[in-house]
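Here is how the chains run, residue by residue.
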Amino acid sequence: MSYTKNAEEILISQEKLSERVRQLGAEITRDYKDKKLILVSILKGSVVFLADLMREIKLPLEIDFMCVSSYQNSTESSGKVSILKDLSRDIKGFDVLIVEDILDTGLTLSYLMPMLLDRNPESLKICTLLDKPSRRKVPVQADYAGFRIDDCFIVGYGLDYAEHYRNLNYIGIYKELK
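## A word on helix α3 (residues 107–117)
Of all the residues in α3, the buried ones are Thr108, Leu109, Leu112, Met113 and Leu116. One side of α3 carries all its buried residues, which in axial view fall inside an arc of 115°. Those residues of α3 hidden inside the fold are in contact with β2 (37–43), β3 (61–69), β4 (82–85), β5 (95–103) and β6 (123–131).

## Observations concerning the confidence of the model for the chain
Across the chain, the average pLDDT comes to 90, with 92% of residues at or above 70. Of all secondary-structure elements in the chain, the lowest mean pLDDT belongs to β4, at 88, while helix α1 (residues 14–31) reaches the highest, 98.

## Observations regarding the packing of α1 against helix α2 (residues 47–56)
Remark: α1 packs on α2, axes separated minimally by 8 Å, with the N-to-C direction vectors making an angle of 55°. Taken together, α1 and α2 sit at an angle that is classed as oblique. When the axes of α1 and α2 are compared, the crossing they make is right-handed. Taken together, the residues of α2 that come into contact with α1 (itself represented by Val21, Arg22, Leu24, Gly25, Ala26, Ile28 and Thr29) are Phe49, Asp52, Leu53 and Glu56.

## Details of unusual backbone geometry
Here the amide bond leading from Leu43 into Lys44 is cis, since omega sits at 0°, within 30 degrees of zero. With respect to the helices, strands and loops of the structure, Lys44 is situated in the loop between β2 and α2. The backbone phi angle of Tyr157 is positive, close to 50°, even though this residue is not glycine. Tracing the sequence through the fold places Tyr157 in the loop between β8 (154–155) and β9 (171–173). One non-glycine residue with positive phi stands out, namely Ala162, at about 50°. Looking at where Ala162 falls in the secondary structure, it is placed in the loop between β8 and β9. Among the residues examined, Ala162 registers a relative accessible area of 25% and is labelled partly exposed.

## Looking at the side chain of Glu100
With respect to the helices and strands, the residue Glu100 is situated in strand β5. Lacking a salt bridge, the buried Glu100 has Arg166 as its closest oppositely charged neighbour, with an N-O distance of 9.1 Å.

## With respect to the nonpolar core
With 28 residues, the main nonpolar core has Ile28, Phe49, Leu53, Leu130, Ile154 and Ile171 as its most contacted residues. Residue assignment for this core shows that the elements contributing at least two residues are α1, β2, α2, β5, β6, β7 (144–148) and β9. Per element, the largest residue contribution to this core is 4 residues, and it comes from α1. Excluding its chain neighbours within four sequence positions, the residues that come into contact with Leu130 are Ile12, Asp101, Ile102, Leu103, Phe147, Ile149, Ile154, Leu159 and Ile171. Residues Val40, Ile91, Leu103 and Val140 belong to the second largest nonpolar core, which totals 20 residues.

## A word on the sheet that holds strand β1 (residues 9–12)
Here we have 3 strands laid out as an open sheet, ordered β1-β9-β8, and antiparallel in their pairing. Only two strands of the sheet have a single partner each, and these edge strands are β1 and β8. Judged from the 3 bridges that link them, β1 and β9 form a sheet pairing that is antiparallel. Within β9, the position partnered with Glu9 by the bridge is Ile173.

## Observations regarding the pairing of β6
Burial analysis of β6 places 7 of its 9 residues in the buried class, the great majority of the element. Note that β5 and β6 share 8 bridges and pair parallel. Residue pairing across strands places Val96 opposite Leu124, the latter belonging to β6. The β-α-β motif built from β5, the intervening α3 and the parallel element β6 has right-handed crossover chirality. Where β6 and β7 come together, 4 bridges link them in parallel fashion. Bridging from a neighbouring strand, Asp131 pairs with Arg148 of β7.

Cut-offs and rules
Residues numbered from 1 in each chain as written. Predicted model: local features only at pLDDT ≥ 70, side-chain atom pairs only at ≥ 80, totals over all residues. Heavy atoms only, no water. Buried < 20%, exposed > 50% of the residue type's maximum accessible area, 1.4 Å probe, protein only. Helix = DSSP H or I, 4+ residues; strand = E, 2+ residues; numbered from the N terminus. Arc of directions from axis to C-beta. Contact = heavy atoms within 4.5 Å. pLDDT = per-residue confidence, 0-100. Axes fitted to C-alpha atoms, helices over the stretch in contact; angles between N-to-C directions. Parallel < 35°, antiparallel > 145°, perpendicular 65-115°, else oblique. Left-handed = near helix turned anticlockwise from the far one by under 90°. Lys, Arg positive; Asp, Glu negative; His and termini not counted. Salt bridge = Lys/Arg side-chain N within 4 Å of Asp/Glu carboxyl O. Core = buried A, V, L, I, M, F, W, Y, C linked by side-chain atoms within 4.5 Å. Pairing = 2+ DSSP bridges. Right-handed = clockwise from strand over helix to strand, strands pointing away.

See the structure below:
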């Protein structure tokens, strides 16, 4: 039995992911020259994107992690955001770039942004690999977005369904099989 059977339809190939991450890295390098940059990865889904993106940013930078949950092993956001792990360092005076796997309903980021702004960063922006504006429930906009996608449930390249499929090197469309 193939571990990819529910996600064999490829939405974004490994090659397209690599090329777009290179482009985003170049944009961020240009925009954050002479800044005190810290990338804040929203775990777990963005860790693969973060690893590739930070290697494409040709500047000194730091990283930190937050773990939040709103899906609880479902294909639909619960609408309730829980912080499972907070930052391990003070971000005051840093130019903070939140690295997210997908900007979907916007509920997670609309919850996190004010909380992080209260910690007095020099600036706070969002970089998302995937933007799904058709599902937005609150007005949140990414400053950097890799791909705009339609409303489908996707897995791979860090994104999961019930903790599975994160290790796919592409982004596939998840389909329930009967």
